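Architecture and fold: a report
Here is how the chains run, residue by residue.
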Amino acid sequence: MSARVRLWVFLVGAAGFAVLFAVACFGLPAFGTVHHPYGVRAVHASLSHHTANVIASVNFDLRAFDTLGEETILFSAVLGTVVLLRQARDEHRKDPEPAVVHPRVRRFALLMLPLALLVGLYVIAHGQVSPGGGFQGGVVAATALHLLYIAADYRALERVRPLTLYEIGEAAGEVAYVITGLAAVLAGSAFLANVLPFGTFATLSSGGTVPVLNAAVGLEVVSGVVVLLARFLDQAVEIEEPDDGSPRGAGNSGDDEDNGDDEDDERERA
Amino acid sequence: MTVLPYLVAGWIFLIGVYGLVTSRDLIHAVGCLAVTQSSTYVLLLAVGYRNGGTAPVFADAPTDSRVVDPVVQALALTDIVVGATVTALLLALVVQLRKRHGTVDPDALSELKG
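By the naming in an unreviewed UniProt entry, chain B goes by Dehydrogenase and is assigned to Streptomyces violaceusniger. The UniProt entry for chain B carries the following comment under Sequence similarities (unreviewed entry): "Belongs to the CPA3 antiporters (TC 2.A.63) subunit C family." The heading Subcellular location (unreviewed entry) in the UniProt record of chain B holds the text "Cell membrane".

Per an unreviewed UniProt entry, chain A carries the name Na+/H+ antiporter MnhB subunit-related protein domain-containing protein and comes from Streptomyces antimycoticus. In its Subcellular location (unreviewed entry) section, the UniProt entry covering chain A states "Cell membrane". In UniProt, chain A has this text filed under Sequence similarities (unreviewed entry): "Belongs to the CPA3 antiporters (TC 2.A.63) subunit B family."

Shown next, in the form of structure tokens:
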């Protein structure tokens, strides 16, 4: 399909969508209305389980099974990225050069690193009490580690980041979630039902299984994001081009495209 | 105008799909997909808003205070993290395509290659 035909197909479809969507919008309850039956019931269920953060209660109690599915998407996406970005047979590694870092940047990053790590862990731990939780805190904690890449260089980051450990951590997060669900079955209830005592409202121990599942997700997100970033950084910093100079990085574009591909085919056959 | 937030969500969706359709660069296309996806966040949060509502966290607020809809917020929350990792997966695909085919133009990727 040529670009022009594609654009026309899009414009026709977009016009149809725009009309139907606009009509549907006028059929929706007006913006900001007070009547929210699902919201009211969710708040009631959350308060009856002593969870102050209703969003955490929705994610890890009311629809914990859905969150297991979402966590599995996350797990598979990271796994897929690891498989896609592994070192190919015709590539080889080169140790990155040590980089010069401005002393002020170094001081600031080293000062912020423990602070950011602590904030990340705090957000994970207080998911059932205050805004936040495993998903958000996990990203904060994982990116905090990478301040070391800014403060020093890639080799320093690699030293504090045993990748195998994080790969195991990611799987452990997923497994811990399933085990918590199965523990509820063993306790004579449904899969992922909230069977633990609900604890005191608005304290760290409140919410029953909510903090447990929250921690499992936190572990998985921390490990997953570290592994993801490590694979992309590997591609950028360490993995070198193949020796035969095939088209990657050569930047051939436009008219030369076909010739470049043919030459590449011949090299591969040779 | 009370439907404006919903219409904004539809507008963001269409802009994202327009970018996908006209894209000549796969990295650009992945970015457009992220824009398209973000329209769902706007729609969800617009649907869940209540006039005068506060955040649905009762650690400090009294338990009878009016809050915005927590259900749609939970949906948007998980969507963001999952969307970010799926975007990373797509970008990894683009990295490998660039290496193996030497191009990121979707129109130039017509042939199969072992």
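1. As for the side chain of Ser46(A)
All names here are of chain A. Positionally, Ser-46 belongs in helix H2 (residues 37-48). According to the relative accessible area criterion, Ser-46 is buried, its value standing at 0%. If near-sequence neighbours (up to four positions away) are discounted, Ser-46 is found in contact with Thr-51, Asn-53, Val-54 and Ser-57.

2. Remarks on a nonpolar patch on the surface
Residues Phe65(A), Leu182(A), Val185(A) and Phe191(A) make up a contiguous nonpolar surface patch of roughly 360 Å² in combined accessible area. Looking at the secondary structure, you find Phe65(A) in helix H4 (residues 64-84).

3. Brief notes about the packing of aromatic side chains
Within the structure shown, the criterion is met by seven aromatic pairs over all chains. Here Phe10(A) and Tyr18(B) contribute two aromatic rings whose centre-to-centre distance is 5.7 Å and whose plane-to-plane angle is 50°, an arrangement assigned as tilted. Separated into two different chains, Phe10(A) in helix H1 (residues 3-27) and Tyr18(B) in helix H1 (residues 4-22) make up a pair that spans both. Ring centres of Phe17(A) and Phe13(B) lie 4.9 Å apart, and the angle between their planes is 40°; on these two criteria the pair is classed as tilted. With Phe17(A) in helix H1 and Phe13(B) in helix H1, this pair bridges two chains. For Phe17(A), a relative accessible area of 27% gives the class partly exposed. Overall, Phe13(B) belongs to the partly exposed group, its relative accessible area being 29%.

4. Observations regarding the packing of H1(A) against H1(B)
The interhelical angle for the contact between H1(A) and H1(B), taken along N-to-C directions, is 170°, at an axis separation of 10 Å. With respect to their mutual orientation, H1(A) and H1(B) come out roughly antiparallel. On the side of H1(A), the interface is formed by Arg6(A), Leu7(A), Phe10(A), Ala14(A), Phe17(A), Ala18(A), Phe21(A), Ala22(A) and Cys25(A), while H1(B) contributes Tyr6(B), Leu7(B), Gly10(B), Phe13(B), Leu14(B), Val17(B), Tyr18(B), Val21(B) and Thr22(B). When its residues are assigned to classes, the contact of H1(A) with H1(B) shows 15 nonpolar, two polar and one charged.

5. Here we look at the confidence of the model for chain B
All names here are of chain B. Overall, the prediction assigns chain B a mean pLDDT of 88, with 96% of residues at 70 or greater. Taken element by element, chain B is modelled with least confidence in helix H3 (residues 70-101), mean pLDDT 89, and with most confidence in H1, mean pLDDT 94. The ipTM, which scores confidence in the relative placement of chains, is 0.86 for this predicted complex, and the corresponding pTM is 0.83.

Rules used throughout
- Residues numbered from 1 in each chain as written.
- Chains lettered and ligands numbered in written order.
- Predicted model: local features only at pLDDT ≥ 70, side-chain atom pairs only at ≥ 80, totals over all residues.
- Heavy atoms only, no water.
- UniProt positions renumbered as here; feature names shortened; annotations may be inferred.
- Helix = DSSP H or I, 4+ residues; strand = E, 2+ residues; numbered from the N terminus.
- Buried < 20%, exposed > 50% of the residue type's maximum accessible area, 1.4 Å probe, protein only.
- Contact = heavy atoms within 4.5 Å.
- Patch = residues over 30% accessible without salt bridge, like charges linked within 9 Å, V, L, I, M, F, W, Y side chains within 5 Å.
- Areas by Shrake-Rupley, 256 points an atom, 1.4 Å probe, with all protein chains shown as cover.
- Salt bridge = Lys/Arg side-chain N within 4 Å of Asp/Glu carboxyl O.
- Phe/Tyr/Trp six-rings, centres within 6.5 Å; stacked < 30°, edge-to-face > 60°.
- Axes fitted to C-alpha atoms, helices over the stretch in contact; angles between N-to-C directions.
- Parallel < 35°, antiparallel > 145°, perpendicular 65-115°, else oblique.
- Nonpolar A, V, L, I, M, F, W, Y, C, P; charged D, E, K, R; others polar.
- pLDDT = per-residue confidence, 0-100.

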